[in-house]
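Each chain is listed here by its residues.
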Amino acid sequence: MTRSESARVLAAPAFAVFRRTVRRVLRRRGALSEADGAVPHGTTVFAEIPAVANLDPVFLSALRRAAKDAANDGVEFRVNSGWRSPAYQNQLRRKAIVKYGSEQEAARWVATADRSAHVLGNAIDLGPYEATAWLSEHGAAYGLCQIYRNEPWHYELRPEAVDHGCPPMYADPSQDPRLQR
């Protein structure tokens, strides 16, 4: 073994320890990782990261079937957000309160962790526009429905939509009775 090969072999465990330490520090500072549901740019519904893998299996299966069919039309589904840890959801909620100035206004965009469909693995936020436009037209056939008028990227599974079409949308999450306390 050459000297540089030895150095690489010795450095690998040290780098792993360094990486774990950096992750712990970032988590303490409020930065969240893929383990919390953070999604790297370019992620598809076929990725094996927690934000995708932790989605409800029936929901994920419907998403993947739709994505395969959309790909035949030249459309790719990109995941902007999927499953989220409660810590991630709480962070998003705090940021929304600061951004919108009150809990009431924040509720129009971000649910609490104890009510979030994302935390339960029952919601996904997709892009780009072509993907959401494709789902708007074809999603009901897979039971995939846009739930909120103000969030054209947010989809959830509604199995009854296959036979009856998607239910009427709520104006925003604050109007969704599932999210009321």
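Keep in mind the model is a prediction, meaning the values are calculated, not measured. Here the residue numbering is sequential within each chain, running from 1 through the sequence in written order. Given that the model is predicted, a residue must reach a pLDDT of at least 70 before its local features are reported, and side-chain atom pairs must reach 80 or more before they are shown or counted; all residues, however, enter totals for whole chains, interfaces and linings. Values shown for side chains rest on all heavy atoms present in the structure; no hydrogens or waters enter the calculation.

Visitor: How would you summarise the overall build of the protein chain if you had to cite specific residues and measurements?
Guide: In this description a helix means any DSSP run of H or I spanning at least four residues, a strand means any run of E spanning at least two, and both kinds are numbered starting from the N terminus. Scanning the protein chain for helices and strands turns up eight helices and four strands. Helices and strands appear in the protein chain in the N-to-C order α-α-α-β-α-α-α-β-α-β-β-α. Working definition: with a 1.4 Å probe on protein chains only, accessible area under 20% of the residue-type maximum means buried, over 50% means exposed, and in between means partly exposed. Looking at the protein chain as a whole, 40% of its 181 residues are labelled buried. It only takes one pair of heavy atoms within 4.5 Å for two residues to be counted as in contact. Across the protein chain, the fraction of contacts at a sequence separation of at least 24, relative to all contacts at a separation of at least 6, is 56%. Here, Shrake-Rupley sampling with a 1.4 Å probe gives the accessible areas, and only protein chains in the shown set may cover a residue. A total of about 10,500 Å² of accessible surface is found on the protein chain, and carbon and sulfur atoms cover 56% of it.

Visitor: Let's hear about the packing of aromatic side chains: which residues, and what values?
Guide: Here a ring pair, both rings aromatic, is described through the centre-centre distance and the interplanar angle of the planes. Pairing of aromatic rings covers Phe, Tyr and the six-membered ring of Trp, with a centre-to-centre limit of 6.5 Å; geometry is then stacked below 30 degrees between planes, edge-to-face above 60, and tilted otherwise. Tallying each qualifying case throughout the model produces four aromatic pairs. Judged by centre distance (6.0 Å) and plane angle (35°), the ring pair of Trp-134 and Tyr-142 falls under tilted. Owing to a relative accessible area of 8%, Trp-134 belongs among the buried residues under this scheme. Taking relative accessible area as the criterion, Tyr-142 reaches 14% and is therefore assigned buried. Taken together, the ring pairs connect Phe-77, Trp-134 and Tyr-142 into an aromatic cluster.

Visitor: How would you sum up the environment of Trp-134? Please name residues and give values.
Guide: Relative to the assigned elements, Trp-134 resides in helix H7 (residues 129-138). Measuring from C-alpha to C-alpha, the distance between Trp-134 and Ala-70 comes to 7.1 Å, with 64 residues separating the pair along the chain. In contact with Trp-134, not counting residues within four places along its chain, are Ala-66, Asp-69, Ala-70, Asp-73, Val-75, Phe-77, Gly-139 and Tyr-142.

Visitor: Give me the lowdown on the confidence of the model for the protein chain, citing residues and values where you can.
Guide: Per-residue pLDDT for the protein chain has a mean of 87; in total, 82% of the residues score no lower than 70. Every residue in residues 3-12 is under pLDDT 50, and counting partners more than four places away or in other chains gives two contacts. pLDDT gives the predictor's per-residue confidence on a scale running from 0 to 100. Here residues 14-23 is a poorly scored stretch, pLDDT under 50, and it has zero contacts once near neighbours within four places are set aside; other chains count.

Visitor: Residues and numbers for the state of the cysteines, please.
Guide: Two cysteine sulfur atoms make up a disulfide if the distance between them is within 2.5 Å. Across all of its chains, the model carries one disulfide by this definition. One disulfide in the model links Cys-145 with Cys-166; its S-S distance is 2.1 Å. Given an S-S torsion of about -85°, the disulfide between Cys-145 and Cys-166 has left-handed geometry. With Cys-145 in strand E3 (residues 144-146) and Cys-166 in the segment after helix H8 (161-164), this residue pair connects regions lying 21 residues apart in the sequence.

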